[in-house]
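What the coordinates show
Listed below, chain by chain, are the residues.
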Amino acid sequence: MVVVSSVRRDGCPAAPAAPDGPPTAASPPHSPIATLGHLLQPDRMRVSHLTFSLAVAALTLLICSCEKAPSTAQPAPPPAPVAEPSKPVLDEAQKKMFQALPENFGTATEARVTLGRTLFHDARLSASQDISCNSCHTLANYGVDGQPTSTGFKGHKGGRNSPTVFNAAGHASQFWDGRSPHVEDQAKGPVLNPGEMAIKDDKAAVDILRSIPGYLPLFTAAFPEEKVAITWETYARAVGAFERQLVTPSRFDAWAKGDDQALTEDEQKGALLLMQTGCMGCHNGPLVGGTGFQKVGAVTPWPNQNDHGRQDLTKALADDMMFKVPSLRNVDKTAPYFHDGQTATLPEAVKMMARHQLGRELSDVEVASIVAFLKTLTGELPQALIAAPELPPSGPRTPKAIKG
Ligand code: HEC
Ligand code: HEC
């Protein structure tokens, strides 16, 4: 459903590029919006200009009338309203609840980030030599594999959905149950996890790295202060340094920093509804989540009780069904949802949250409004960082793959 109640900043298709030659869409007096304005005062225009303007206006109307253009000739619809700036929907105090992303979650030298990026893609750190971090956290796919739960060594199916690595470095802790404090620590987990990359132990992992001749100069450049450059620690610090750069600012951030035009009024209404419904009691901070743990099924028990979250870790009764509140950054791109990956669509996930966390049944219109806002959290992927690196070639001592 597309309602063109005002000309949305991002909504109706981009201004049609000028057919050929000047005037271009970039020159303000000839943009379709300005052109419609001029049409209201034709006496100020030359005839040839008018002809061109009419052509552009017609093209604009054609595109902006969107999906269901009537198939038979009908009287021309009234001219589309001239663009009105979005009015701020939230007051200042409400808007303060929304925070922009930082530029990164910790700076590092280019050499260290490049090394981390290379390691992130290196499948030789898996026993079958065909699984890298990027297999389950595909960077070009918003850092997820799109599966309910991931597939690791020998086709092993894990029990949890793989969360995105974008902005993950900004979480208060790592994993759905928060069992790791930060990305540097987390990076050691998957390599040694028998169901994921399945390397025997940290010594074996370091041996693999030392067997690849091209890694020594990369590690030395990244850790010039270390006597021994290639260690389990420097491996983890490099991967962490890379992940700390995986930040995805979006239009939302421009809005949170004060540009009211960056979000349409409908999107701002969605932000207000997210707040007023109570979602931000749990999903808050610059990541719109990632700040702590909450019981899933706080009001109405969660349907899937197979995984008890933090309780499996701490054995404390109070931790039953406690999971990390995930960030909602890029959430439109990271389906399926929840720790078990059992929920396929975002509207469904929003409905379940309202029901199970807040005891509320949201109408379809309310869900659509919240989803419209959540989509503004889809950021731009940092292309230079996500590009696949060139991997240094194996040496004679590099282990052969163990067939999965
Ligand atoms: C076989 C698939 C798989 C591979 C390979 C894998 N991961 Fe993961 N990753 C997951 C799953 C599943 C989780 C969630 C597990 C949990 O919470 O218990 C996860 C969690 C994470 C998290 C925590 C994010 C958050 O929101 O809490 C980070 C960071 C991460 N992985 C980075 C990496 C890195 C770095 C590598 C490579 C060294 C890697 N992963 C390899 C599947 C994988
Ligand atoms: C009481 C705390 C709490 C409230 C209130 C809450 N959530 Fe959540 N939310 C969580 C937790 C915890 C999870 C992770 C649950 C899991 O996967 O087990 C989650 C997960 C999600 C997810 C899935 C994200 C992903 O990557 O899988 C979405 C979407 C979401 N919440 C949106 C909302 C919306 C929208 C609202 C308001 C209607 C809301 N939440 C209210 C705690 C809360």
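Data block above holds the structure.
Keep in mind that this is a model prediction, so the values were computed, not measured. (Residues numbered from 1 in each chain as written. Chains lettered and ligands numbered in written order. Predicted model: local features only at pLDDT ≥ 70, side-chain atom pairs only at ≥ 80, totals over all residues.)

Focus: the overall build of the protein
Along the backbone of the protein there are 16 helices and 2 strands. When burial is assessed residue by residue, the protein has 35% of its 404 residues classed as buried. Across the protein, contacts joining residues at least 24 apart in sequence account for 70% of those joining residues at least 6 apart. (Helix = DSSP H or I, 4+ residues; strand = E, 2+ residues; numbered from the N terminus. Buried ≥ 20, exposed ≤ 12 C-beta atoms within 10 Å, placed from the backbone. Contact = placed C-beta atoms within 7 Å.)

Things to note about the packing of helix α4 (residues 110-121) against helix α10 (residues 232-243)
For any two helices packed against each other, the geometry comes down to the angle between their axes and how far apart the axes lie. With their axes 7 Å apart at the nearest point, α4 and α10 run at an angle of 100° to one another. Compared by their axis directions, α4 and α10 come out roughly perpendicular. Taken together, the residues of α10 that come into contact with α4 (itself represented by Arg112, Val113, Leu115, Gly116, Arg117, Leu119 and Phe120) are Tyr235, Ala238, Val239, Ala241 and Phe242. Partitioning the contact of α4 with α10 into residue classes produces 9 nonpolar, 1 polar and 2 charged. (Axes fitted to C-alpha atoms, helices over the stretch in contact; angles between N-to-C directions. Parallel < 35°, antiparallel > 145°, perpendicular 65-115°, else oblique. Nonpolar A, V, L, I, M, F, W, Y, C, P; charged D, E, K, R; others polar.)

Side note on the site of ligand 1
Looking at ligand 1, there are 26 residues lining it, with Cys133, Cys136, Pro163, Phe175 and Pro190 nearest. Of all the secondary structure elements, the ones that give two or more residues to the shell around ligand 1 are α5 (133-136), α6 (183-186) and α7 (188-192). Examining the composition of the shell around ligand 1, we find that 3 residues originate from one element, α5, more than from any other. (Near = placed C-beta within 6 Å.)

Re the site of ligand 2
With respect to spatial proximity, 26 residues lie near ligand 2, and among them Cys279, Cys282, Phe338, Met353 and Gln357 are the closest. At the level of elements, α12 (265-277) and α14 (346-358) are the ones that each hand at least two residues to the shell around ligand 2. Ranked by residues supplied to the shell around ligand 2, first place goes to α14 with 6 residues. Residue composition of the shell around ligand 2, grouped by class: 18 nonpolar, 8 polar and no charged.

Remarks on α4
Over its 12 residues, α4 extends 17 Å from the first C-alpha to the last, a length consistent with the 16 Å expected when each residue adds 1.5 Å. Along α4, the residues that are buried comprise Arg112, Val113, Leu115, Gly116, Arg117, Thr118, Leu119 and Phe120. Those residues of α4 that are buried lie in contact with α5, α9 (215-222), α10 and α16 (383-386). (Expected span 1.5 Å × (residues − 1).)

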